[in-house]
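# Secondary and tertiary structure notes
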Amino acid sequence: MCGIVGYLGGRDATPIIYNGLKRLEYRGYDSAGIAVLQDGQIEVRREAGKLSVLGDLLQASPIGGHLGIGHTRWATHGAPSARNAHPHVGQSGRVVVVQNGIVENYLELRDELSAEGVEFKSETDTETIVHLVEHYLASGLDLAEAARKTFQHIQGANVVVLMSADEPDKIVAARIGNAGGVVIGFGEDEMFVASDVPAILEHTRRVTFLESRQMAVVRRGGASVETLDGTRVQPQVQNVAWDPVAAEKGEYRHFMQKEIHEQVRALTDTLAGRVHLERGEVRLPELNLTPALAKRVKKIYITACGTAAYAGMVGKTLIEKIARVPVEAAIGSEFRYSDPIIDEDTVVLAISQSGETADTLAAMEEGRRKGATVWSIVNAIGSQAMRIADGYISMQTGPEIGVASTKAFTAPLVDQYMLAILLADLRGTLDEKTRRALVNDLRLVPDLVGRTLEREAETEKLAHALKDIHGCLYLGRGINMPIAYEGALKLKEISYIHAEGYPAGEMKHGPIALIDEQMPVICIAPKDPWREKMISQIQQAKARGGTVAAVATDGDELVASMADHVLWIPEAPWMLSPIVTVLPLQLLAYHIACIRGLDVDQPRNLAKSVTVE
């Protein structure tokens, strides 16, 4: 996730952009930069570190002008450093770009541009954009058309903002796919561009939002909007009446809803720079996993609390299936009291959104004390769980503000899938054909998530049907059994409805006694190796008079014929299916809580980061 701000008008752009970036800093970035047109030349100041570091640089070496763009970065391609920080300038020094997203074909583009003599100065995929724009400018196109050609050439979800010293009357911005928003603000003889409303709210409340595959040419007097293929679009300008906190939610009612929908971008970012689709390989350099260590590992403990613990349960299935290493999923608060059997051939893998969860940190210390290799999967950069680990995987989802975790649940599922592939590859237990197939499946993830979230209206209808329930049973099997636990937890957390997740095969050993006309049953029944068993569970629940809502794969007529309600999901590879099956359950809990008039983002008795035992 990255923050973008642009300005065109009669005032000095630098303080406007800098202050706008400060209002996006809640996302937690690792470098920042600003480019302005000063005396006909593009001047850039950028630096690694927090935004205050850029502020110090601007004080020591000030720049000013009436046209500028700025950026705060959450690193994906290339380490956090000044040379990888945005904005990026082309070889001519006359065009500059900032970007949010991933150019999926950047390696191919980089090779083509290098063959034409372009010299790259960073490790980023972003730099390919500005060089490609200059390539088209050299053919005689103006900035807008050169940008359009570039947007049609690059692959992946991206937000791109450009300006040129040779066309100082405009900024060009585009939104391609689900890489985040583009807000255009309308002032008095001045215009603003940003990735989110808070950045420009102090200057204007008149805004419009770009939709996917739209581009805007922004001038001081307004903005013209077109699709990438050139069809003119009339922008719908609206007045926002948000306070600063509400503005950070953008078009969403709550942070939780926003973060649910950010999962397309969050999962794209967690894959960024780690998956080489052409070679069918996974890279996790910060994990410090060597072939020698991979071959030495005899057992892995995955330890975490709450939602992260359920993610670890999915990871157990993934690692055992792909890497063939025994895994035990252990609750963080119980781990150190269980006297776990650990030695130097054991890995303790901790999962934590905040990286500061007291019980999880204590479990890591227990593993270290007994000689284990300690890894972590963490969202908060620089947190304790990241610092004390021998190696780590950063979720790269951006800060999660809603107390009920959503994107910090699905990101570790992808991270553990990648870990399983890498571990298997280094251990020599995975043939190349299978490895390539597993890696290739990862390219499906953002699209599967996006298609599922587009069906939110269906889930909201079910929420209205279930809004007055007093209890609920969630059933799942195999890799989706932990999704039953997670779905039940979400309903408990924010709707205050008692819910229980249960292994579906165990229902007849007790919980079936709870089922009657007043007890709805949520059955997670996608097309996976356990589908036929789940159909049997649906039949058993229906035979006892229960209301059944099923999470099922598109076109599954058998499930549809038995269930009272169906939450449809697109077909997914079974090992990646939990990423998709959990989404309607997140939305279901969210909408039931909203209908019941509850505080979704700050549910009672809960805190985002549990730093006490």
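Residues numbered from 1 in each chain as written. Predicted model: local features only at pLDDT ≥ 70, side-chain atom pairs only at ≥ 80, totals over all residues. Heavy atoms only, no water.

## Points about the pattern of salt bridges
- By the definition in use, this model includes 32 salt bridges.
- Across the pair Arg219 and Asp169 runs a salt bridge whose closest N-O atoms are separated by 3.7 Å. With Arg219 in strand S12 (residues 214–219) and Asp169 in strand S8 (residues 167–176), this pair connects stretches of sequence that are 50 residues apart.
- Given the relative accessible area of 36%, Arg219 is considered partly exposed.
- Exposure remark for Asp169: the relative accessible area of 37% places this residue in the partly exposed category.
- A salt bridge links Glu320 to Lys316; the nearest nitrogen and oxygen atoms lie 3.0 Å apart. A residue pair is termed a helical-turn pair when its members lie 3 or 4 positions apart in one helix, as Glu320 and Lys316 do in helix H10 (residues 307–323) at four residues.
- The exposure class of Glu320 is partly exposed, given its relative accessible area of 25%.
- Using a relative accessible area of 29% as the deciding quantity, one classes Lys316 as partly exposed. (Salt bridge = Lys/Arg side-chain N within 4 Å of Asp/Glu carboxyl O. Helix = DSSP H or I, 4+ residues; strand = E, 2+ residues; numbered from the N terminus. Buried < 20%, exposed > 50% of the residue type's maximum accessible area, 1.4 Å probe, protein only.)

## Notes on the packing of aromatic side chains
- Inspection of the entire model under this criterion finds four aromatic pairs.
- The interplanar angle of 50 degrees and the centroid separation of 5.3 Å between the aromatic rings of Tyr7 and Phe192 together place this pair among those described as tilted. Linking Tyr7 in strand S1 (residues 3–8) with Phe192 in strand S10 (residues 191–194), this pair joins segments that are 185 residues apart in sequence. Comparing Tyr7 with Phe192 shows no difference in burial state: the two are buried.
- Ring centres 5.3 Å apart and planes at 70 degrees place the aromatic pair Tyr301 and Phe335 in the edge-to-face group. Here Tyr301 is found in strand S18 (residues 299–304), whereas its partner Phe335 is found in helix H11 (residues 332–335), with 34 residues between them in sequence.
- Classification of Tyr301 as buried rests on a relative accessible area of 4%.
- Between the NZ or CZ atom of Arg110 and the centre of the ring of Phe120, over which it lies, the distance is 4.3 Å. (Phe/Tyr/Trp six-rings, centres within 6.5 Å; stacked < 30°, edge-to-face > 60°. Lys NZ or Arg CZ within 6 Å of the ring centre and 35° of its normal.)

## Quick look at the side chain of Glu493
- With respect to the element layout, Glu493 can be found in helix H18 (residues 481–495).
- Within the local environment of Glu493, its side chain forms a polar contact with the side chain of Lys490, the two groups lying 2.9 Å apart. (Polar contact = N/O pair within 3.5 Å; in protein donor to acceptor, adjacent residues only side chain to side chain.)

## What about the pairing of strand S25 (residues 521–525)?
- The buried fraction of S25 amounts to five of the five residues, a majority that puts the element mostly inside the structure.
- By the bridge criterion, three bridges tie strand S23 (residues 471–476) to S25 in an arrangement that is parallel. Looking across to S25, one finds that Leu475 is bridged to Cys523.
- Handedness of the crossover joining S25 and strand S26 (residues 548–553) through helix H19 (residues 531–543): right-handed. (Pairing = 2+ DSSP bridges. Right-handed = clockwise from strand over helix to strand, strands pointing away.)

## With respect to the sheet that holds strand S22 (residues 391–394)
- Taken in spatial order, the five strands make up an open sheet running S19-S18-S20-S21-S22, and their pairing is parallel. Two strands in the sheet have a free side with no partner beyond their single neighbour: strand S19 (327–331) and S22. The average angle at which neighbouring strand axes cross in this sheet is 20 degrees, direction not considered.
- Across six bridges, the pairing between strand S20 (residues 346–352) and strand S21 (residues 373–378) is parallel. Paired with Ile351 across the strands is Ile377, a residue of S21. (Axes fitted to C-alpha atoms, helices over the stretch in contact; angles between N-to-C directions.)

## A few points about the nonpolar core
- With 94 residues, the main nonpolar core has Leu289, Ile300, Ile319, Ile322, Tyr417, Leu419 and Tyr474 as its most contacted residues.
- The element best represented in this core is helix H14 (residues 407–427), accounting for 14 residues.
- Counting contributing residues, this core receives three or more from each of domain 2 (253–430) and domain 3 (451–601).
- Grouped together as the second largest cluster of nonpolar side chains are 27 residues, Val103, Tyr106, Leu143 and Ala144 included. (Core = buried A, V, L, I, M, F, W, Y, C linked by side-chain atoms within 4.5 Å. Domains from an automatic or database assignment.)

## Focus on the packing of helix H17 (residues 456–466) against helix H21 (residues 577–595)
- Across the interface, H17 lies against H21 with an axial gap of 8 Å and an inter-helix angle of 50 degrees. Comparing the axis directions of H17 and H21 gives the class oblique. Here the hand of the crossing between H17 and H21 comes out right-handed. Only Pro584, Leu587, Leu588, His591, Ile592 and Ile595 of H21 make contact with H17, whose side of the interface consists of Glu456, Thr459, Glu460, Leu462, Ala463, His464 and Leu466.
- Among the residues making up the contact of H17 with H21, the classes are represented as eight nonpolar, three polar and two charged. (Parallel < 35°, antiparallel > 145°, perpendicular 65-115°, else oblique. Left-handed = near helix turned anticlockwise from the far one by under 90°. Contact = heavy atoms within 4.5 Å. Nonpolar A, V, L, I, M, F, W, Y, C, P; charged D, E, K, R; others polar.)

## Considering the domain arrangement of the protein chain
- If you check the domain split of the protein chain, you get domain 1 (3–241), domain 2 (253–430) and domain 3 (451–601).
- Of note, the centres of domain 2 and domain 3, computed from C-alpha atoms alone, are 26 Å apart.
- Opposite the 29 residues of domain 2 that make contact, domain 3 presents 24 residues.
- Carbon and sulfur atoms make up 72% of the surface buried where domain 2 meets domain 3, a total of about 2,400 Å² over both sides.
- Summed over the shared surface of domain 2 and domain 3, the number is zero salt bridges.
- If you look at where domain 2 meets domain 3, you find 11 residue pairs in polar contact (both at pLDDT 80 or more).
- Elements with a minimum of two residues in the side of domain 2 that touches domain 3: helix H7 (255–261), helix H8 (263–271), H10 and H14.
- It is H10 that provides the largest number of residues to the side of domain 2 that touches domain 3, a total of eight residues. (Buried area = accessible area lost by both parts, 1.4 Å probe.)

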